[in-house]
Amino acid sequence: MINLNDMVLFAKVAELEGISAAARILNIPKSRVSRRISTLENDLGVRLIERTTRAIQLTEMGTIFLHHCRRIVEESESAVESMNNMRETPRGNLRVSVSFAIGQYLVAPYLGEFAKLYPDIKINLDLSNRHVDLITEGYDLVIRVGEQEDSSLMTKRIGQARAKLCAAPDYLEKYGSPSSLEELSRHKLLMMSDSFDLKQFIFENQSGELRSVDVMPNDTVNDFTALRSMVEDGCGISLMPEYIIRDAIQNGRLVQVLPDWQSKIISYYILYPSRKGLTKKARAWIDFFEQKFKMNTRV
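Overview of the structure. (Residues numbered from 1 in each chain as written. Predicted model: local features only at pLDDT ≥ 70, side-chain atom pairs only at ≥ 80, totals over all residues. Heavy atoms only, no water.)

**Topic: the overall build of the protein chain**
What counts, and what does not: Only DSSP runs of H or I covering at least 4 residues are called helices, and only runs of E covering at least 2 are called strands; the numbering of each starts at the N terminus. In this description the radius of gyration comes from C-alpha coordinates, and the expected globular size is given by 2.2 Å times residues to the power 0.38. Think of it in three bands: with a 1.4 Å probe and only protein chains considered, a residue is buried below 20% of the maximum accessible area for its type, exposed above 50%, and partly exposed in between.
Counting its secondary structure elements, the protein chain contains nine helices and 15 strands. Compactness check: the protein chain gives a C-alpha radius of gyration of 32 Å against a globular reference of 19 Å for 299 residues, more than 25% above the reference. Seen through its C-alpha atoms, the protein chain measures out along the principal axes to roughly 105 × 35 × 30 Å. Counting the 299 residues in the protein chain, one finds 40% classified as buried.

**Examining the sheet that holds strand β10 (residues 210–214)**
As a reminder of what qualifies: The pairing criterion is simple: DSSP has to find at least two bridges between the two strands. Note on definitions: angles span 0 to 180 degrees between N-to-C directions of axes, and those axes are lines fitted to C-alpha atoms, for helices only across the stretch in contact.
Spatially, β10-β9-β14 is the arrangement adopted by the three strands of the open sheet, whose pairing is antiparallel. Of all the strands in the sheet, the pair left with one neighbour each is β10 and β14 (261–263). When the angles between neighbouring strand axes are averaged without regard to direction, this sheet yields 40°. Here strand β9 (residues 200–205) pairs with β10 via five bridges, running antiparallel. Its bridge partner lying in β10, Glu-204 is registered against Leu-210.

**A few points about the side chain of Thr-297**
What counts here: By the criterion applied in these results, polar contacts are pairs of N or O atoms within 3.5 Å in which, for protein atoms, one can donate a hydrogen and the other can accept it, and in which residues neighboring in sequence qualify only through two side-chain atoms. Any two residues whose heavy atoms approach within 4.5 Å are treated as being in contact.
Relative to the helices and strands, Thr-297 resides in the segment after α9 (280–296). At a separation of 3.1 Å, a polar atom in the side chain of Thr-297 contacts the main-chain carbonyl oxygen of Gln-160. A polar side-chain atom of Thr-297 sits 2.6 Å from the main-chain carbonyl oxygen of Phe-293. Residues within four places of Thr-297 in sequence aside, it is in contact with Leu-106, Gly-159, Gln-160, Ala-161, Tyr-243, Arg-246 and Tyr-268.

**With respect to the sheet that holds strand β6 (residues 154–161)**
Spatial ordering of the open sheet is given by β4-β3-β5-β15-β6, a layout of five strands whose pairing is mixed. Edge positions in the open sheet fall to β4 (121–127) and β6, since each of these has one partner strand only. On average, each strand axis in the sheet is tilted by 20° relative to the strand beside it, whichever way the strands run. In the sheet, strand β3 (residues 92–98) pairs with β4 via seven bridges, with the strands oriented parallel. Within β4, the position partnered with Leu-94 by the bridge is Ile-123.

**What to know about the pairing of strand β5 (residues 141–145)**
Across the five residues of β5, four count as buried, placing the element largely inside the fold. Judged from the two bridges that link them, β3 and β5 form a sheet pairing that is parallel. Bridging from a neighbouring strand, Val-96 pairs with Leu-141 of β5. Sheet topology note: the β5/strand β15 (residues 266–272) ladder contains four bridges and is antiparallel. When the sheet's bridge partners are listed, Val-145 is paired in β15 with Tyr-268.

Structure (structure tokens):
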């Protein structure tokens with residue numbers, strides 16, 4: 001099989017009209033250049049150049065072959081230029097996986113702005129609560145909650161938030177508002193079924209004191225939007241991220257319960273395969289949404 005590198009080398013020898021000149025420009029020994037040209041001729045079964053003490057002369061077959069070699073050189077240069085352009089200008093398909101809640105509340109409101117800012121990036125956003133395998137499933141980026149244990153991936157924290165207890169005014173009017181964490185067990189509690197611990201709430205107050213409360217949820221849901229809807233309908237008390245319930249509290253649909261207590265800090269991380277392989281399109285997404293996350297999450 002013909003070595004494509006030898007075809008590129010032959011094109012350079014022909015361009016500079018000499019083996020010595022090509023060796024000097026490419027910074028390789030003259031003897032190696034001569035040997036590789038000879039190997040190429042042997043592989044082709046034809047003579048490509050006539051050698052003299054002062055210069056080389058292309059044979060008829062060499063002239064024909066040179067046209068094909070130049071096309072290979074041009075295509076390779078075009079390929080490199082294309083890759084450089086992709087690194088310099090964010091473009092191409094970008095596959096991102098996020099949970100339903102993150103996608104709905106922290107990503108979706110800004111997708112249009114991102115798309116207008118980077119029109120050459122084709123977004124493929126997958127909303128799913130399952131933990132995807134970034135490498136085997138071909139994602140460029142994955143956003144996850146909590147500390148990450150996969151040391152093979154690069155991680156970057158892009159935001160932090162806390163969860164707060166809340167309930168609908170109708171529920172509190174009917175069942176009363178708990179005056180302490182211990183009283184939570186007497187109330188109807190709703191929880192995310194994807195929570196790390198379905199048997200405990202862990203709270204922190206302004207002084208940094210931590211308290212754990214055993215819970216027995218009446219209902220569990222694996223989507224925060226559905227969970228918030230149940231809470232707004234007066235089905236019970238729940239612990240949800242502040243950014244999810246912010247507008248409902250501002251509009252009076254929900255009321256914060258035991259406001260002196262909230263969850264421990266929740267960290268949001270973006271994962272990607274390696275720093276070296278981070279493309280411009282991925283970097284554009286990270287920089288853009290890191291700003292949006294920090295704007296919308298608070299501790």
